Amino acid sequence: VKSVNFSLNSSDNASLMLYPNPSTDIINLNLSEFEGKTTTLIITDMQGRLVYQEQFDVLNNTVKSLSLKSKFGQGTYLIQANAQDLTKSAKIQLK
């Protein structure tokens, strides 16, 4: 059995900055490190099921707003942003 450890602490260099957290609907993702890159945003529930995926180019506007309430219910979700050689992730609590 192989185990993999990773951290989602806000002080971690691999953390995706988002606010507010917890949220009741709209979250804002700070994607400044992804500027100029095609980025894939993936959201999974805590069982690892894909609940949302979107690909977009991060241009001048490095803050992306996303409405969660209309897409899925209350709970904890893992948000991951991927672009070429960069991956950032964070947990979000939706109330």
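Keep in mind the model is a prediction, meaning the values are calculated, not measured.

Student: What is the right way to look at the overall build of the chain in this model?
Tutor: In terms of helices and strands, the chain carries zero helices and seven strands. Across the chain, helices and strands are ordered from the amino to the carboxyl terminus as β-β-β-β-β-β-β. Here the chain, with 95 residues, has 36% of them falling under the buried criterion. Of the accessible surface of the chain, which amounts to about 6000 Å², a share of 46% is contributed by carbon and sulfur atoms.

Student: Would you mind going over the pairing of strand S6 (residues 75-83) with me for this structure?
Tutor: The side chains of a regular strand alternate between both faces of the sheet. Across the two faces of S6 the burial differs, with Gly75, Tyr77, Ile79, Ala81 and Ala83 buried and Thr76, Leu78, Gln80 and Asn82 not buried at all. In the sheet, strand S3 (residues 38-45) pairs with S6 via six bridges, with the strands oriented antiparallel. Its bridge partner being in S6, Ile42 is matched across the sheet by Gln80. Alignment of S6 against strand S7 (residues 86-94), held across nine bridges, turns out to be antiparallel. Along S7, the bridge assignment pairs Ile79 with Ala90. In this antiparallel pair of consecutive strands, S6 and S7, the connection spans two residues, and Gln84 shows a positive phi of 35 degrees.

Student: Explain the packing of aromatic side chains to me, please; I cannot follow it from the model alone.
Tutor: Remark: the centre distance and the inter-plane angle together describe each pair of aromatic rings, the angle taken between the planes. Within the structure shown, the criterion is met by one aromatic pair. Over the ring of Phe56 we find Lys64, and its NZ or CZ is 4.6 Å from the ring centre.

Student: Teacher, can you tell me more about the sheet that holds strand S2 (residues 26-30) here?
Tutor: Strand pairing in a sheet takes place through backbone hydrogen bonds and is either antiparallel or parallel in direction. Read from one edge to the other, the open sheet built from three strands follows the order S1-S2-S5, with strand pairing classed as antiparallel. The open sheet is flanked by strand S1 (17-19) and strand S5 (63-67), the only strands paired with a single partner. In this sheet, adjacent strand axes meet at a mean angle of 25 degrees when their direction is disregarded. As judged from the five bridges shared by S2 and S5, these two strands associate in the antiparallel manner. Paired with Ile27 across the strands is Leu66, a residue of S5.

Student: Even after reading the chapter, I still don't get the pattern of salt bridges, so can you show me in this structure?
Tutor: Once their charged atoms are close, side chains differing in charge can pair, the charge on each being opposite to the other. In the structure shown here, the tally under the stated rule is four salt bridges. Close ionic contact of Lys88 with Glu33 constitutes a salt bridge, the shortest N to O distance being 3.3 Å. With Lys88 in strand S7 and Glu33 in the loop between S2 and S3, the pair connects residues that are 55 residues apart, well separated along the chain. Among the residues examined, Lys88 registers a relative accessible area of 7% and is labelled buried. Close ionic contact of Lys64 with Glu54 constitutes a salt bridge, the shortest N to O distance being 3.2 Å. Taken together, the residues span a long stretch of sequence, with Lys64 in strand S5 and Glu54 in strand S4 (residues 50-57) at a distance of 10 residues.

About the thresholds
- Residues numbered from 1 in each chain as written.
- Predicted model: local features only at pLDDT ≥ 70, side-chain atom pairs only at ≥ 80, totals over all residues.
- Heavy atoms only, no water.
- Helix = DSSP H or I, 4+ residues; strand = E, 2+ residues; numbered from the N terminus.
- Buried < 20%, exposed > 50% of the residue type's maximum accessible area, 1.4 Å probe, protein only.
- Areas by Shrake-Rupley, 256 points an atom, 1.4 Å probe, with all protein chains shown as cover.
- Pairing = 2+ DSSP bridges.
- Phe/Tyr/Trp six-rings, centres within 6.5 Å; stacked < 30°, edge-to-face > 60°.
- Lys NZ or Arg CZ within 6 Å of the ring centre and 35° of its normal.
- Axes fitted to C-alpha atoms, helices over the stretch in contact; angles between N-to-C directions.
- Salt bridge = Lys/Arg side-chain N within 4 Å of Asp/Glu carboxyl O.

Taken by themselves, the reported measurements are silent on function.
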